[in-house]
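What the coordinates show
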Amino acid sequence: MRRNVGIGAINKQRIVKEKLTQKGNEIAELQLQQVSQQMDVFKHSLEEFAIKYKTEIRKNPEFRARFQVMCSKIGVDPLASSKGFWAQLLGVGDFYYELGVQIVEVCLATRPINGGIITMEDLVANLEKSSGKTRKDVQADDIIRAIGKLSVLGQYLIVI
């Protein structure tokens, strides 16, 4: 009965370990390529969906909210920037920044009356009145997202 001892056994173990490491690296590289290909296909499909339903995303607040939830579950934020790919494709980044400016204007205008604290319903009503055209496409979810985009300016505007 042979025991695996000695320099020959140590060299054999080292060679086996190197081969296993090399095979593990090959498998990891293959998996990375497959995931990358799947992400490319998924991104393309998401882009096609966004292009197909662009007007629906901009006009329908419920559809826009569901689209945002779907994207956030996969780690995509189409509303993150007004200069990003998604903002250019959908034009929704500007929507939230414009809404944020309107929210600030309403809050400043009503501050002498309410001390700077306004209910969501009053804010929606004031936004509908203050808009040049009747604005019926804004929901509480849109306001929360717009205020979230303004958080880079400080914690002066928050939802309680």
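Use the structure listed above.
**Overview of the overall build of the protein chain**
Of the regular secondary structure elements, the protein chain holds seven helices and zero strands. Within the protein chain, the fraction of its 160 residues that count as buried is 26%. By sequence separation, contacts in the protein chain at least 24 residues apart represent 53% of the contacts at least 6 residues apart. Within the structure as shown, the protein chain displays about 11700 Å² of accessible surface, and the carbon and sulfur contribution to it stands at 57%.

**Quick word on the packing of helix H3 (residues 61–73) against helix H7 (residues 140–149)**
Axis separation between H3 and H7 bottoms out at 9 Å; the angle between their running directions is 50 degrees. Taken together, the axes of H3 and H7 are oblique relative to one another. For the pair H3 and H7, contact is made by Pro61, Arg64, Ala65, Gln68 and Val69 and by Asp141, Asp142 and Arg145, respectively. Class assignment of the residues belonging to the contact of H3 with H7 gives a composition of three nonpolar, one polar and four charged.

**Focus on the packing of aromatic side chains**
This model, assessed by the stated rule, comprises four aromatic pairs. Ring plane angle 15 degrees and centroid distance 5.9 Å describe the contact between Phe49 and Phe67, whose orientation is recorded as stacked. Note that Phe49 is positioned in helix H1 (residues 7–52) and Phe67 in helix H3, a separation of 18 residues in sequence. Taken together, a centroid distance of 5.6 Å and an interplanar angle of 45 degrees make the contact between Tyr53 and Phe63 tilted. Taken together, the residues Tyr53 in the loop between H1 and helix H2 (54–59) and Phe63 in helix H3 connect sequence positions 10 residues apart. Judged by its relative accessible area of 29%, Tyr53 is partly exposed. Three or more aromatic residues link up through ring pairs in this structure, and these residues are Phe49, Tyr53, Phe63 and Phe67.

**Structural notes on the layout of surface pockets**
One number sums up the size of the largest pocket: a volume of about 620 Å³. If you trace the largest pocket, you find 21 residues lining it, with Cys107, Gly116, Tyr156, Leu157 and Ile158 closest to the centre. Secondary-structure elements contributing two or more residues to the lining of the largest pocket are helix H5 (92–114), helix H6 (120–130) and H7. No other element matches the five residues that H5 contributes to the lining of the largest pocket. Residue composition of the lining of the largest pocket, by class: 17 nonpolar, three polar and one charged.

**Quick word on the side chain of Asp142**
Tracing the backbone shows Asp142 in helix H7. Since its relative accessible area comes to 1%, Asp142 is described here as buried. Not counting residues within four places of it along the chain, the set of residues in contact with Asp142 comprises Pro61, Arg64, Phe95, Tyr96, Leu99 and Asp137.

**A closer look at the nonpolar core**
Leu99, Ile103, Leu123, Leu127, Val138, Ile143 and Ala146 are the most contacted members of the largest nonpolar core, which has 13 residues in total. Put simply, the parts of the chain that give this core at least two residues each are H5, H6 and H7. Tallying contributions element by element places H5 first for this core, with six residues. Counting residues in each nonpolar core, the second largest holds five residues, with Leu46, Ala50, Ile57 and Phe67 among its members.

Cut-off values and rules
Residues numbered from 1 in each chain as written. Predicted model: local features only at pLDDT ≥ 70, side-chain atom pairs only at ≥ 80, totals over all residues. Heavy atoms only, no water. Helix = DSSP H or I, 4+ residues; strand = E, 2+ residues; numbered from the N terminus. Buried < 20%, exposed > 50% of the residue type's maximum accessible area, 1.4 Å probe, protein only. Contact = heavy atoms within 4.5 Å. Areas by Shrake-Rupley, 256 points an atom, 1.4 Å probe, with all protein chains shown as cover. Axes fitted to C-alpha atoms, helices over the stretch in contact; angles between N-to-C directions. Parallel < 35°, antiparallel > 145°, perpendicular 65-115°, else oblique. Nonpolar A, V, L, I, M, F, W, Y, C, P; charged D, E, K, R; others polar. Phe/Tyr/Trp six-rings, centres within 6.5 Å; stacked < 30°, edge-to-face > 60°. 1 Å grid on protein atoms, 1.4 Å probe; cavity = no way out; pocket = protein on both sides within 12 Å on 5 of 7 lines; lining within 4 Å. Points joined across faces, edges and corners; volume = space filled by probe spheres on them. Core = buried A, V, L, I, M, F, W, Y, C linked by side-chain atoms within 4.5 Å.

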